[in-house]
Amino acid sequence: MNTRLLIFIGVGVIAVLVIIAVVLLRMANLKRRAGAGTAVKLADALRDERLKSEIIVNAIEDGVVLIDAQKKIHLFNSGASKITGWPSEEALTLNIDAVIKIVDEKDQAYPTDTNPFYSVFTAKTTIRDDKAILSSRSNKHIPISLTISPLFDENKQVSAAVAIFRDVSQERAEQQRRGEFISTASHEMRTPVAAIEGYLALALNEKVSTIDSRARDFLEKAHASTQHLGSLFQDLLTSSKAEDGRLSNHPVVIEMGAYLQQFTNDVKFSAEKKGLVTDFRLGAGSVIDASSTGGQKVVKPLYYVQADPERLREVITNLFDNAVKYTEQGKITIGLTGNNTVVQFFIRDTGPGIPHEDVPHLFQKFYRVDNSTTRTVGGTGLGLFICRKIIELYNGHIWVDSELGKGSSFYINLPRLTTQKAEQLLAAEATANNQGVPNVTPPPAS
Ligand code: ADP
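Residues numbered from 1 in each chain as written. Predicted model: local features only at pLDDT ≥ 70, side-chain atom pairs only at ≥ 80, totals over all residues. Heavy atoms only, no water.

Asks: Can you explain the overall build of the chain? Please cite residues and give values.
Replies: Summing up its helical and strand segments, the chain has twelve helices and 16 strands in all. Expressed as a percentage of its 446 residues, the buried residues of the chain come to 35%. The contacts of the chain with a sequence gap of at least 6 include a subset with a gap of at least 24, amounting to 58%. Total accessible area on the chain stands at roughly 26900 Å², and carbon and sulfur atoms take up 57% of it. (Helix = DSSP H or I, 4+ residues; strand = E, 2+ residues; numbered from the N terminus. Buried < 20%, exposed > 50% of the residue type's maximum accessible area, 1.4 Å probe, protein only. Contact = heavy atoms within 4.5 Å. Areas by Shrake-Rupley, 256 points an atom, 1.4 Å probe, with all protein chains shown as cover.)

Asks: How would you explain the pairing of strand E7 (residues 158-167) if you had to name every residue and give the values?
Replies: The sheet contact formed by strand E1 (residues 63-68) and E7 spans six bridges and is antiparallel. Following the sheet pairing, Val64 is matched in E7 by Ile164. Hairpin remark: strand E6 (residues 141-152) followed by E7, antiparallel, with five residues in the connecting loop; positive phi at Lys156, about 65°. (Pairing = 2+ DSSP bridges.)

Asks: I'd like to hear about the pattern of salt bridges, residue by residue, with values.
Replies: If you walk through the whole model with that rule in mind, you get 13 salt bridges. Close ionic contact of Glu174 with Arg177 constitutes a salt bridge, the shortest N to O distance being 3.0 Å. Here the residue Glu174 and the residue Arg177 both occupy positions in helix H6 (residues 169-204), the gap between them amounting to three residues, near one helical turn. Residue class for Glu174 comes out partly exposed when judged on its relative accessible area of 37%. We note a salt bridge from Glu243 to Lys365, for which the minimum N-O separation is 3.1 Å. Here Lys365 lies in the loop between strand E14 (342-349) and helix H10 (372-376) and Glu243 lies in helix H7 (residues 213-243), a separation of 122 residues in the sequence. On the accessibility criterion, Glu243 (32% relative accessible area) is partly exposed. A relative accessible area of 33% means that Lys365 is categorised as partly exposed. Several salt bridges share partner residues, and in doing so they unite Lys131, Arg388 and Glu392 into one network. (Salt bridge = Lys/Arg side-chain N within 4 Å of Asp/Glu carboxyl O.)

Asks: Got a sec to walk through the site of the ligand? Specific residues and values, please.
Replies: In the neighbourhood of the ligand, 19 residues make up the surrounding shell, with Asn322, Tyr326, Arg368, Thr380 and Leu384 lying closest. Within the contact set of the ligand, an oxygen atom lies 2.8 Å away from a side-chain nitrogen or oxygen of Tyr326. Coverage of the ligand by the protein chains reaches 97% of its 530 Å² of free accessible surface. Comparing atom positions with the cavity grids shows the ligand to sit within the second largest pocket. (Near = heavy atom within 4 Å. Polar contact = N/O pair within 3.5 Å; in protein donor to acceptor, adjacent residues only side chain to side chain. 1 Å grid on protein atoms, 1.4 Å probe; cavity = no way out; pocket = protein on both sides within 12 Å on 5 of 7 lines; lining within 4 Å. Sits in = over half its atoms within 2 Å of the grid points.)

Okay, here's the thing in structure tokens:
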């Protein structure tokens, strides 16, 4: 092979190698560019998503706030800004306590253990509060409906929480207007109804009127319906007052043992008329003092509460009347027990019981169990609603335990006053009444 040919082949090989290198380089370049393009696209997409989420969160009229376990705010949408008066960028650097201050209906700040922004981390479940009032940046009080839900990390610990709240001032104002209308209307209508009832009673009174048996039958029906109408107006009036806090309320110290004993004596005749026995039972907590010389002596514990005796009487009468109304045979037991902090009393009957599925709705307005008994026994479905509202006024709790075919027990828990506190309050009441001698509130009149 001659030298020229060798040089030619060498140059050719080098040229091919250079071409391959250039092609590879180009391919690598293209690949890199393609990779960079994907990353750019991904970043754009993410930015778009974030923007979209931000747009959505800010389009929500409700306040949306995200806090971490240290209660630091991480998200504060424009709805939250509008309600609280805090611009998002300022709120974002702060702790929730500095921005969202909530108070209860009595204008008391929520203690930490009941503040939903704290309790959500321990309760580990969604918390709803429809009674909270938010104190805005300018100290304006705004009623809100608040829901706060926990967010869990991979160890199932609550690492953050999302609060959603709504300004309900307009709804409340509307509710108040409706309540006022119902109050005025039922108040106005009660007067003529009472007059009709009175005249019907006169017509049915043999000493005053002479009517034949057919007319008596008609008038008795009219009289019963008028009484029902009268109690409906009365219940409507009470329930609308209870709803917007206009129920008159003069709490005093009441010793529940004496109060319920007297109540039982007063009402047992209405149960006897139906052949029902009424029993008062002072529950666990009564102490037998065997050391006393005259044999065994029952030392009755004193169960003091602070409530308006008239309001409490409304509640117990309602429960007792229901027990009589719905029970055909057996017994009604009024019971009292308690511990250091709670006074518990109950009204138990041997009536038809309440279906399980109705129990959660029982204390709602106008709720009546739909069965043959309620269809024949008159009622408004407002009694238990009023009971709940009154008991809540005293930070108490009312509920029912019932077994179909066996009977129902309605329980009430009220905060218990220590004897020392009760005596102090009784002394103060006595001074205020200028009576000089402290006295336990007399039980309700029959
Ligand atoms: P009502 O005027 O209908 O008695 P309430 O609010 O007092 O209204 O009671 C609501 C419903 O609860 C009643 O309609 C009845 O179905 C049921 N209820 C209440 N008390 C009893 C009871 N002791 N036994 C059985 N059912 C009861």
